[in-house]
Amino acid sequence: MNDPCPMTKYVIQLKKSDYEKILAHALNSLPNESCGLIAGNIDGAAKIIERVYTLSNLDESRQHFTIDPKEHLSAVKDMRACGISPLGNFHSHPDTPARPSEEDIRLAHDPSASYMILSLAEPEPVLRSFHIERGSASPEELSVVP
Ligand SMILES: [Zn+2]
């Protein structure tokens, strides 16, 4: 049986230097959560991240984040100037696994966005990406490329 309206399953492609930028931002923000935006291009079923914006967490909390709206706006302006599209966001979990919390799922309103979570709760950092729609999160394939 064919699904009459298949959801595209994206593969997220992240440059190693951008992964390192997300990780450094998370470590610098400890003990609090860090956050930011990802932007780039969609090529078929691949979301190619071209730029990562490390932004301030207004909540200054280790369990919540709110992206500074002014920084959000200037990141979006930069995306327009660079001819790239918003692809989603990321935040860190200093103490919990790399999966969306109930609150993360409740606050995720954009099914076209990728929600990336970096966990620092394990001996090694773990970065995962999720599609969140109608109250449920499904993992996306994430590949870190040189
Ligand atoms: Zn979270």
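Values in this document were obtained by computation on a predicted structure and should not be read as measured data.

Engineer: Can you walk me through the coordination of the zinc ion in this structure?
Structural biologist: When four donors bind a metal tetrahedrally, each ideal donor-metal-donor angle is 109.5 degrees, and when six bind octahedrally, the ideal angles are 90 or 180 degrees. Around the zinc ion, the donor atoms from the protein are H91 (NE2), H93 (NE2), D104 (OD) and D104 (OD), and they sit 2.0 to 2.6 Å away. Taken together, the 4 donor atoms coordinating the zinc ion and their angles of 54 to 159 degrees define a geometry best described as irregular.

Engineer: What exactly am I supposed to notice about the pattern of salt bridges here?
Structural biologist: If charged atoms from side chains of opposite charge come close, those side chains can pair. Applying the stated criterion to the full structure yields 5 salt bridges. In this structure, the salt-bridge partner of D78 is R51, at a minimum N-O distance of 3.0 Å. With D78 in helix 2 (residues 69-82) and R51 in strand 3 (residues 46-55), this pair connects stretches of sequence that are 27 residues apart. Relative accessible area serves as the criterion here: at 35%, R51 is assigned to the partly exposed category. One salt bridge in this structure joins E103 and R106, with 4.0 Å as the shortest N-O distance. With E103 and R106 both in helix 3 (residues 102-106), this residue pair falls 3 residues apart, about one helical turn. By relative accessible area, R106 is classed as exposed at 56%.

Engineer: Would you mind showing me how to read the nonpolar core here?
Structural biologist: General note: in soluble globular proteins, nonpolar side chains tend to be found buried as a group. Membership of the largest hydrophobic core comes to 15 residues, with the highest contact counts inside it found for L14, I38, I49, V52, M116 and L118. Mapped onto this core, the elements with two or more residues apiece are strand 1 (11-15), helix 1 (16-29), strand 3, strand 4 (85-93) and strand 5 (114-119). The element that contributes the greatest number of residues to this core is helix 1, accounting for 4 residues.

Engineer: Any chance you could explain the sheet that holds strand 1 here in plain terms?
Structural biologist: Hydrogen bonding along the main chain pairs the strands of a sheet, whether they run parallel or antiparallel. Read around the barrel, 7 strands follow the order 1-3-2-4-5-6-7 and close on themselves; strand pairing throughout is mixed. Neighbouring strand axes in the sheet, compared pairwise and without regard to direction, differ in orientation by 35 degrees on average. Pairing analysis gives 6 bridges linking strand 4 to strand 5, with the strands arranged parallel. Among the inter-strand pairings, H93 is bridged to a residue of strand 5, identified as S119. Across the sheet, helix 1 is in contact with strand 1, strand 2 (35-43), strand 3, strand 4, strand 5, strand 6 (126-133) and strand 7 (136-145); its angle to strand 3 comes to roughly 30 degrees.

Engineer: Help me out: how do you make sense of helix 2 in this one?
Structural biologist: Residue pairs spaced three or four apart in an α-helix point in one direction, given the helix's 3.6 residues per turn. With 14 residues, helix 2 ought to run about 20 Å at 1.5 Å a step, and its terminal C-alpha atoms sit 20 Å apart, in line with that. Residues of helix 2 that are buried: A75, V76 and M79. Seen end-on, helix 2 carries its buried residues on one side only, within an arc spanning 100 degrees. Across from the buried face of helix 2, at angles greater than 90 degrees, the exposed residues are K70, L73, K77, R80 and A81. Where the residues of helix 2 are buried, they touch strand 2, strand 3 and strand 4. The N-capping residue of helix 2, defined by a side-chain oxygen 2.9 Å from the backbone nitrogen of K70, is D68. Directly beyond the C-terminal end of helix 2, a positive phi value near 70 degrees is found at G83.

Engineer: I tried to follow the pairing of strand 6 on my own but got confused; where do I start?
Structural biologist: Consecutive side chains along a regular strand alternate between the two faces of the sheet. Sheet topology places strand 5 next to strand 6; 5 bridges connect them, and they run antiparallel. Looking at strand 6, one finds that Y115 is bridged to F130. Here strand 5 hands over to strand 6 after 6 residues, the two strands then running antiparallel side by side. Pairing of strand 6 with strand 7, which is carried by 5 bridges, proceeds in the antiparallel orientation.

Engineer: Looking at this model, I keep getting lost on the confidence of the model for the chain. Mind explaining?
Structural biologist: Predicted confidence across the chain gives a mean pLDDT of 94, with 95% of residues reaching 70 or more. Segment residues 1-5 is flagged for pLDDT under 50; beyond a separation of four residues in sequence, or across chains, it makes 0 contacts in the model.

Cut-offs applied
- Residues numbered from 1 in each chain as written.
- Predicted model: local features only at pLDDT ≥ 70, side-chain atom pairs only at ≥ 80, totals over all residues.
- Heavy atoms only, no water.
- Donors = N, O, S within 2.8 Å, 3.2 Å for Na, K, Ca; no water.
- Tetrahedral: all angles 85-135°; square planar, octahedral: opposite > 155°, others 65-115°.
- Salt bridge = Lys/Arg side-chain N within 4 Å of Asp/Glu carboxyl O.
- Helix = DSSP H or I, 4+ residues; strand = E, 2+ residues; numbered from the N terminus.
- Buried < 20%, exposed > 50% of the residue type's maximum accessible area, 1.4 Å probe, protein only.
- Core = buried A, V, L, I, M, F, W, Y, C linked by side-chain atoms within 4.5 Å.
- Pairing = 2+ DSSP bridges.
- Axes fitted to C-alpha atoms, helices over the stretch in contact; angles between N-to-C directions.
- Contact = heavy atoms within 4.5 Å.
- Expected span 1.5 Å × (residues − 1).
- Arc of directions from axis to C-beta.
- Polar contact = N/O pair within 3.5 Å; in protein donor to acceptor, adjacent residues only side chain to side chain.
- pLDDT = per-residue confidence, 0-100.

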